[in-house]
Amino acid sequence: MSTLYEISEELLALFSELEDSDGEPTEEQLERLNISEKELKYKSVAYYSVIKENESFINVLDDEIKRLQAKKKKANKLIESLSNRLLGAVSLFGNFEAGTHSFKTRKSTVVDIEDESVIPEDYFKIKTTQSVDKKKLAVDLKAGGVIQGVRLKTNLNLKID
């Protein structure tokens, strides 16, 4: 069975032949046209089915990702809770060993920001992000403007009802 692209090429060639013969198709051309239309419709429905199947599969994957993210969040909360309980036990009873593990505390220093509004400006990093304003570009280009490195492009999108 031909691919959709091959069917399209065959149809274009057939349409060109029909134009050359002043629009009066021969019996052979009519037969080729009917077979091509039948095959085109079959392939189109098959392609549509594959598209829908993959869209459904993507939805299933999205749901599974959400489920796994929720599970990960619960696992992280459990780790934090158990770690805090162990920290409390070591703080209360001191360092200890259990099995092959040693439970101890160590000191670390972190910067705790209490009020960001009173911190001198020298201690701030300035992060700038730059992005192209496509809406403004579209307005200017549609108004006839010429902007280097940019052009309006018309896409042909598939619509299946």
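Please read these numbers as outputs of a predicted model, since none were measured by experiment.

### Side note on the overall build of the chain
For the chain, the count of helices and strands is three helices and two strands. Ordered by position in the sequence, the α and β elements of the chain form the string α-α-β-β-α. With respect to the principal axes defined by its C-alpha atoms, the chain has extents near 100 × 50 × 25 Å. Relative to its full complement of 161 residues, the chain shows a buried share of 8%. Contacts in the chain between residues at least 24 apart in sequence constitute 38% of all its contacts with a sequence separation of at least 6. Carbon together with sulfur atoms contributes 54% to the accessible area of the chain, which is approximately 15500 Å² in total.

### As for a negative patch on the surface
Taken together, the side chains of Glu19, Asp20, Asp22 and Glu24 define an acidic patch exposed on the protein surface. Note that Glu19 resides in helix α1 (residues 4–20).

### Notes on the packing of aromatic side chains
Overall, the coordinates contain one aromatic pair when judged by the stated rule. Between Phe96 and Phe103, the aromatic rings sit 4.9 Å apart at their centres with planes inclined by 20°, giving stacked as the arrangement. Under the relative-accessibility criterion, Phe96 is labelled partly exposed at 29%.

### Quick notes on the pattern of salt bridges
In total, this model carries two salt bridges according to the counting rule given. As a salt-bridge pair, Glu55 and Lys52 come within 3.1 Å of each other at their nearest N and O atoms. With Glu55 and Lys52 both in helix α2 (residues 27–93) and three residues apart, this pair spans about one turn of that helix. For Glu55, a relative accessible area of 39% translates into the label partly exposed. Here Glu64 ties to Arg67 by a salt bridge, and the two come within 2.5 Å at their closest N and O atoms. With Glu64 and Arg67 both in helix α2 and three residues apart, this pair spans about one turn of that helix. For Arg67, a relative accessible area of 42% corresponds to the partly exposed category.

### Some details on the confidence of the model for the chain
Put simply, the chain has an average pLDDT of 87, and 93% of its residues get 70 or more. Looking at the elements of the chain, mean pLDDT is at its lowest for α1, recorded as 74, and at its highest for helix α3 (residues 134–142), recorded as 93.

Each value, and the rule that gives it
- Residues numbered from 1 in each chain as written.
- Predicted model: local features only at pLDDT ≥ 70, side-chain atom pairs only at ≥ 80, totals over all residues.
- Heavy atoms only, no water.
- Helix = DSSP H or I, 4+ residues; strand = E, 2+ residues; numbered from the N terminus.
- Buried < 20%, exposed > 50% of the residue type's maximum accessible area, 1.4 Å probe, protein only.
- Contact = heavy atoms within 4.5 Å.
- Areas by Shrake-Rupley, 256 points an atom, 1.4 Å probe, with all protein chains shown as cover.
- Patch = residues over 30% accessible without salt bridge, like charges linked within 9 Å, V, L, I, M, F, W, Y side chains within 5 Å.
- Salt bridge = Lys/Arg side-chain N within 4 Å of Asp/Glu carboxyl O.
- Lys, Arg positive; Asp, Glu negative; His and termini not counted.
- Charge placed at Lys NZ, Arg CZ, Asp CG, Glu CD.
- Phe/Tyr/Trp six-rings, centres within 6.5 Å; stacked < 30°, edge-to-face > 60°.
- pLDDT = per-residue confidence, 0-100.

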